[in-house]
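# Structure assessment
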Amino acid sequence: MTRLNEANVIIAKEIIGRYPKARSATIPLLHLSQQQNGYVTNEAMVQIAEMVGATSAEVLGTATFYEMFKFEPVGKYLVNICGTLSCALMGSETLLHHAEGKLGVKAGGTTEDGLFTLERAECQAACTEAPCLQVNYRYRYKVTTAELDQLLDDLAAGRLDGEVPPHGTVARVRQHIPADKAVGPVPPDAVVAPPAWITEGAK
Amino acid sequence: MSRYAWAPGYTDDGDRPKIVTSRFQYEDGYTLDRYLATGGYVGLRAALGRTPSEVHDEVKSATVLGRGGAGFPAGTKWGLTPQGVWPRYLVVNGDESEPGTYKDRLLMERDPHQLIEGCLIASYAAGLSQVFLYIRGEMALAQERVAAALNEAYAAGYIGKNILGTNFSIDIVLHWGAGAYVVGEETALIESLEGNRGMPRLKPPFFPAAIGLYGKPTIVNNVETLSNLPWLLTNGAAAYTAIGTETSPGTRIIAVSGHVKRPGVYEIINGSTTFRDVIYGEEFCQGIRDGHELKAFIPGGGSAPWFLPDQLDLPFEAKMVGPAGSMLGSGAIMVMDETTDIPAMALTLVRFYAHESCGKCVPCREGGTWLMRIMERVVAGRGTQRDLDQMLEIGQSITPGQYPHAASERLGLAAAPFPFRMTTICFVGPSAYNAVDSSLTLFPDEFQAKLMKRTSIPVTAVGADS
Amino acid sequence: MTDISPAEEVEAPPVDPNEVRLTINGHEVVSTKGEMVIAAAARAGDYIPHFCYHPRLEPVGMCRMCMVDIDGGRGPMLQPACMVPVSPGMKVDTGSPATKRAQEGIIELLLANHPLDCPVCDKGGECPLQDQSFSHGPGESRYVEEKRHYEKPIAISDIVFLDRERCILCDRCTRFADEVAGDALIQFNSRGNNTHITTFPDEPFASYFSGNTVQICPVGALTAKPYRFKARPWDLAQQESTCTTCAVGCRTVVQSSHDELLRYMGVDSDPVNHGWLCDRGRFNFESVKSADRLLQPLVRQADGFQPATWSAALAEAASLILEAKAAGGPKSIAVIGGARGTNEDAFAWSRLGHEVIGTPNVYSQMGDGLPADLLLLDRATIDQAASATTIVLLAPDLKEELPILYLRLREAAEKKRSRIIEFAPKQSGLTRNAWRHFAYEPGTQVAAVEKALADPEIAAQFAKGSVVVVAGRGNLAETSTATVRAIRTVLAANPGSRILPAFRRGNVVGALQVGMRTADGGLDTRAALQAAADGKIECLVLVGADPLTDFPDTDLARRALAGARRIVAVDTFLTPSALLANVVLAASAYAEKSGTTTNIEGRVTTVAQQVNPAGNTRADWMIAAELALDLGGDFAYETIDDVTADIAWHVAGHEAITPEALATAKDGIIAGLLPAMAQAKLLEAVIPERNSYDFRLVVSRTMYDQATGTANSPSLAHLATQTMVHLHPLDLGKVGTTEGATVKMSSTRATIVLNVVADPAVLRGTAWVPFNHSGANVGDLIDCTAAVNDVRIENL
Ligand SMILES: Cc1cc2nc3c(=O)[nH]c(=O)nc-3n(C[C@H](O)[C@H](O)[C@H](O)COP(=O)(O)O)c2cc1C
Ligand code: SF4
Ligand code: FES
């Protein structure tokens, strides 16, 4: 069963409830299912399609557009080594080769023990701290080959479990809009008048 | 003072005015407590004490240039929504992915309340009905910090129904992406927010301000742009325009990366600071790394045409940089010293844009990848003169006519000013070619040196591979 | 004529506020506000090359082929002509050097990854990419890299194949599927250079409209199984025609090669089909060349059917009719059918029936329509329906029965032009688009309508503007009485509303209009069958009619065919009913004969003969004319035009519809109203209480069933399912059954055995069974005189 579990269905409904159109929740729900299963399954996409009122093909079309969604299992740790200009100038290619050697897989591959997937990533918005990498979207800056070795060892030994959650979990803090404070989603076709403060002034 | 461990890259040597990075010095700058203790939500209160149109006028008179790349003034943009059409939405562009750019992430990680307050001020002034704060998918910490800040602000009554006891009510919804550079383009951002593939829409005919999210008027503003508003409302437009120049007031955050001694993120004075100040100044990057000299730099992110050292004295002023053949873009300066293998480094950018093409339009989808394939061959030492010519031909199919480039005495080039004509929908396609054009125009010898060293070149029959 | 008096001076035409004047390639072009430059240029004769633009789809501007120099006041700029609306004073140059360069560039880039397999590609010879490469391309390819590779063609549905290597990602098929068909089952997948079209795994592009994607694909990426590798475009001969599979009357082009039908293509008729066809209409040409066609007349001998010459068969038919007349008088003869052929066929047979035989018992509906007198009401065109403020559906599921009408009304709702109010015993294809959907249990239709009319919000909606009632038979397991009353109730409450008949069979409106309807005191089909069952019919003439298959009450049909003393059948196949005939006259099929046909609007258009009649078959009208001779009448018809002209001469409403007029009317001509006729007497409806153990039966048709055109087209035949009973999921428990289980379903008439489907579209307490599917025959359960039919369902 890779459909969203009960707890996640509750979260999913809360997320959908914030948008004027359910379809907008597609990407957040795909993340939620990837968090649950480590990757996005067909079954999950069928369910998400039902929840947001799209066809499964449409959800698939959206999902495959984005880099972060994986459609088959990847390692517990996704190691993304940036290879765009700023990092390339500071030697990211060496870092990538080193990682390939250390893990025994080429970029794009997953280690046999299922622990690591290595990828050559594009610019991660940490260009001044080149070369940089992300492990499950947690940054490491100005990484030397020695630091990379250390990082991989620490991850393998579980020493970073608290800091780096398994692949699929991005943010560990979620927005929660309290019911008594929420204005609620503003449906595009239901509103024809300007908001109160525009006509009446702030009161 | 220099680096703060909690704000990697950020440096604030010197006593320049700080508009948006003032709280980076506090380790807990992202908490509501610290925010309130350092003047937080004062701008919002000031705004709520005035009519929406007064606030709008204040922002307009301050000429807050958009910091997302295009540099369009925020106040003017808000005014472009069609009269009498409701609702209007605000979409906050926190998708920062332009190569070299690193500022919005820091603003979201270090001072999320400032951004929230900016959103509230904009919503109040422009009569917006709901805010969607779109954060790049790969930025886990920024998402956590903004989520936590939103939760705090809701609890404290700064967001939601009847903000600070007034009739001003609005929700801010955190949304996050899943990895696609092109989604930073505002119409693609809207598509993505609607749950679709992040492919840009055509504009014209319709700009988001007229037909945007769910077909309704939508303002798309960059994180840094909005982060300016609390200070602006607290201190007034006059104080804001007192900094910087008339056409480029205020400050802006830049990220300098590459071969400088002290790469980093700096808040600089807009309009007057020059590239030389930034790259060589003591309070900034302190020059090229030891024993090396500047070869070229990119003034405005991976999409911007490259500059040679001749252009170092240009200031951070769009009306100077454009005619000189480039753009300020997203405030990302990438510096290359003389050891740089230009074709190989250009390839990383071509690869970036080819990889990030959404695939919607033919010139980018097909041309970008074709350019990448040829560049790979050239960098691997298997290229021919024909390949170099062919890249220029492909460039003509993406950006017909003269492509912008810097003047160079050495090469006998006169500047071809920015912008250019293009056959694509958005700038991704042209940007793929940009890296080829800049590197090949400014460093032709480096390409020649890489060409296949053979006396006879095998002729490939036309269409032989089909 | 030099002298024009002031009074006659030409008045300056009023300036149309929507008019826009612009210059294209130096000449002034008059356009309208909102029109795109590419369309204005096309009208002015300046073709702008394009791939993604399609006039019936929302523009996306993504292929960039239509980039031309457009000067909107700030100097010429390359802009996509498919996305830029015209503006006053705009100057467009479609041949500037910049334009040429851009177009060459796009072609070169498109060809970079496009295989050069034109010689083996179905599209070769009619391929926009191929054509534009010649006319606007650079003439050579400099692409030496390896091309994109994908697995060879994959089947994205039962009928359509996709070759992703040939695909240029123009978004046409995907936009069609989403925007027009409402079946967003094909989508772009992945990004950038890896973008390709896919379906969701195990969810094929099972759309009733999938063939249109093949037609609009600008390259050979999408191909249809029935046509793949069959011919080269330059070998095709073609003519415009009209599809008669259902009564929408879509305009088509019929193509053949070496006297073999090979393909139908939709023609963009603005008032009718917008270029679209449903798959059933598009692909059932296979049945015309079916090996099972009846190729010569048959005469029943002591030892069964024997092939006969035409003269022998006609003589036999004539003597059967004469014997019948002698035995029981002309009123003991009934002629049923005529709705499947042309107007000429129907007219000739109606003359034969009414004039030559002299019987009033002539009728073309098969007990599944509504009384013909409804055609006397103010009728709407499809355009009027699709632009009405309110559309009331009192009709069968249009997606299943009149598919292109479904597309037109769906568009009206999607574009927010119209609001749909639907009354139906089961959710239909349009329910998703309905503003209000009223599900009613059979027997409560009038009450449902009355209740809705009393709702102030609905009354206000009606008051907002025009109202069109789409009227047809939603349930074959009840009489038409309730539907007729419901329709009249809506019309009475909203004077000025129009009706659009949703009658299904190909030319049923035409047949009724030209004369295949009862004369005073005549028996309609149900009454004729009843009389036959009662032994009162001496001869039954079936003109392309198969009561055993098509009449809802199978038992009555069976008794009628057994009770009729003589049967003459005219048909293209040896149908179950024809098998019981004494003489079977072999008729030519669609595309084997020409003539005219009338659609639901009353629009008369031409059908073309494109191939020679199969075997020894003849057009129905010829058969009627020759039979008339044997019976002592003479129609004096030599050519089809004689018949068409005769209709124009004799039939009220057809005065203007002459062969000459039809030749120039590209969208056909709408026939005038029928002469007045008496309102049909409705069967009295006594609606019994439904026993709580029973289900009220709902029976209607689906697109793919056992109809001859479908069943004899191999590409379609397998799309029809077995007869199954659909119950609301919450009703399964009541029966104690589960999805897929086998149940016994009984009425007072009979018991059938079939499988169960859980279907939330079905109303609780009702059981829906599709009509004319293989396996169990639901017609066995239906009493066509009962106001409602209840059934008991038991687990087996
Ligand atoms: C390919 C492309 C990528 C872009 N990426 C970003 C981005 O990551 N962040 C951003 O704020 N603006 C980005 N922009 C600019 C936006 O389209 C838009 O101009 C901006 O968000 C408007 O905000 P501003 O007016 O506050 O600058 C991008 C533009 C293009 C063409
Ligand atoms: S230029 Fe590239 S990224 Fe931009 S719309 Fe076209 S294909 Fe997409
Ligand atoms: S036809 Fe205009 S871009 Fe394709």
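- The UniProt entry for chain C carries the following text under Subcellular location (unreviewed entry): "Membrane".
- For chain C, the Sequence similarities (unreviewed entry) comment in UniProt is given as "Belongs to the complex I 75 kDa subunit family."

- Taken directly from UniProt, the Cofactor (unreviewed entry) text for chain A runs: "[2Fe-2S] cluster".
- In its Sequence similarities (unreviewed entry) section, the UniProt entry covering chain A states "Belongs to the complex I 24 kDa subunit family."

## Points about the packing of helix α2 (residues 26-37) of chain A against helix α4 (residues 56-63) of chain A
Residue and element names in this part refer to chain A.
- Two numbers describe how α2 lies on α4: the axes approach to 10 Å, and their chain directions differ by 80°. The angle between α2 and α4 falls in the class roughly perpendicular. Residues T26, I27 and L30 of α2 form the contact with α4, whose own contacting residues are V59, T62 and A63.
- Of the residues that constitute the contact of α2 with α4, the class distribution is four nonpolar, two polar and no charged.

## Here's the deal with empty space enclosed by the protein
- For the structure shown, the criterion picks out eight cavities of 30 Å³ or more.
- Here the largest cavity defines a volume of roughly 170 Å³.
- What lines the largest cavity is a set of 15 residues, among which A171, V173 and R174 of chain A together with Q143 and W176 of chain B lie closest to the centre.
- Among the secondary structure elements, those contributing two or more residues to the lining of the largest cavity are α1 (6-16) and α2 of chain A together with β3 (171-176) of chain B.
- Residue contributions to the lining of the largest cavity peak at three residues, all from α2 of chain A.
- Looking at the lining of the largest cavity, its residues break down into eight nonpolar, five polar and two charged.
- Its boundaries defined by the atoms lining it, the second largest cavity holds a volume of some 140 Å³.

## Examining the site of ligand 2
- Within the structure, ligand 2 sits among 13 residues, and C358, C361, C364, C426 and V428 of chain B are positioned closest to it.
- Considered class by class, the residues forming the shell around ligand 2 number eight nonpolar, four polar and one charged.

## Quick look at the packing of aromatic side chains
- Across all of its chains, the model carries 35 aromatic pairs over all chains by this definition.
- Arranged with centres 4.8 Å apart and planes meeting at 70°, the rings of Y10 of chain B and F24 of chain B form a pair that is edge-to-face. One end of the pair, Y10 of chain B, is in the segment before α1 (32-37); the other, F24 of chain B, is in the segment before α1, and 14 residues separate them in sequence.
- Take Y10 of chain B: its relative accessible area is 1%, and that puts it in the buried class.
- On the basis of relative accessible area, F24 of chain B is assigned to the buried category, the value being 0%.
- Each ring, one from F423 of chain C and one from F438 of chain C, has its centre 5.1 Å from the other, and the planes form 15°; the classification is stacked.

## A closer look at the UniProt feature "domain: 4Fe-4S Mo/W bis-MGD-type" (unreviewed entry) in chain C
- Under the local residue numbering, the UniProt record ascribes the feature "domain: 4Fe-4S Mo/W bis-MGD-type" (unreviewed entry) to residues 236-292 of chain C.
- Here residues 236-292 of chain C is 9% helix and 35% strand, with 25 Å between the C-alpha atoms at its ends.

## Things to note about the interface of chain A and chain B
- The interface of chain A with chain B comprises 72 residues on the first partner and 89 residues on the second.
- With both chains or domains summed, chain A and chain B bury close to 6,400 Å², and 59% of this area falls on carbon and sulfur atoms.
- When the buried surface of chain A facing chain B is broken down by residue, F65, L85 and W197 of chain A rank first, second and third, together holding 12% of it.
- Summed over the shared surface of chain A and chain B, the number is three salt bridges.
- Between R172 of chain A and E144 of chain B there is a salt bridge, with the nearest N and O atoms lying 3.3 Å from each other.
- Our enumeration of links across chain A and chain B arrives at 35 residue pairs in polar contact (both at pLDDT 80 or more).
- For the side of chain A that touches chain B, the secondary-structure elements that each account for two or more residues are α2, α4, α5 (85-89), β4 (138-140) and α8 (196-200) of chain A.
- Tallied by class, residues from the side of chain A that touches chain B come to 40 nonpolar, 16 polar and 16 charged.

## Some remarks on the interface of chain A and chain C
- Taken residue by residue, the interface counts 14 residues in chain A and 15 residues in chain C.
- Interface area, chain A with chain C, both sides summed: about 1,100 Å², of which 58% is carbon and sulfur.
- Seen at the junction of chain A and chain C, the total is one salt bridge.
- Of the charged contacts, one joins R191 of chain C and E67 of chain A as a salt bridge, the two residues approaching to 2.8 Å between their closest N and O atoms.
- Across the contact surface, chain A and chain C share six residue pairs in polar contact (both at pLDDT 80 or more).
- Looking at the side of chain A that touches chain C, the element that brings in the most residues is α4 of chain A, giving five residues.
- Partitioned by chemical class, the residues of the side of chain A that touches chain C number six nonpolar, five polar and three charged.

## Description of the pairing of strand β32 (residues 751-758) of chain C
Residue and element names in this part refer to chain C.
- Examined bridge by bridge, strand β30 (residues 724-727) and β32 share four bridges and lie parallel to one another. Along β32, the bridge assignment pairs L727 with A758.
- As paired strands, strand β31 (residues 742-746) and β32 are joined by five bridges and run antiparallel to one another. Counted as the bridge partner of S746 is T751 from β32.

About the thresholds
Residues numbered from 1 in each chain as written. Chains lettered and ligands numbered in written order. Predicted model: local features only at pLDDT ≥ 70, side-chain atom pairs only at ≥ 80, totals over all residues. Heavy atoms only, no water. UniProt positions renumbered as here; feature names shortened; annotations may be inferred. Axes fitted to C-alpha atoms, helices over the stretch in contact; angles between N-to-C directions. Helix = DSSP H or I, 4+ residues; strand = E, 2+ residues; numbered from the N terminus. Parallel < 35°, antiparallel > 145°, perpendicular 65-115°, else oblique. Contact = heavy atoms within 4.5 Å. Nonpolar A, V, L, I, M, F, W, Y, C, P; charged D, E, K, R; others polar. 1 Å grid on protein atoms, 1.4 Å probe; cavity = no way out; pocket = protein on both sides within 12 Å on 5 of 7 lines; lining within 4 Å. Points joined across faces, edges and corners; volume = space filled by probe spheres on them. Near = heavy atom within 4 Å. Phe/Tyr/Trp six-rings, centres within 6.5 Å; stacked < 30°, edge-to-face > 60°. Buried < 20%, exposed > 50% of the residue type's maximum accessible area, 1.4 Å probe, protein only. Buried area = accessible area lost by both parts, 1.4 Å probe. Salt bridge = Lys/Arg side-chain N within 4 Å of Asp/Glu carboxyl O. Polar contact = N/O pair within 3.5 Å; in protein donor to acceptor, adjacent residues only side chain to side chain. Pairing = 2+ DSSP bridges.

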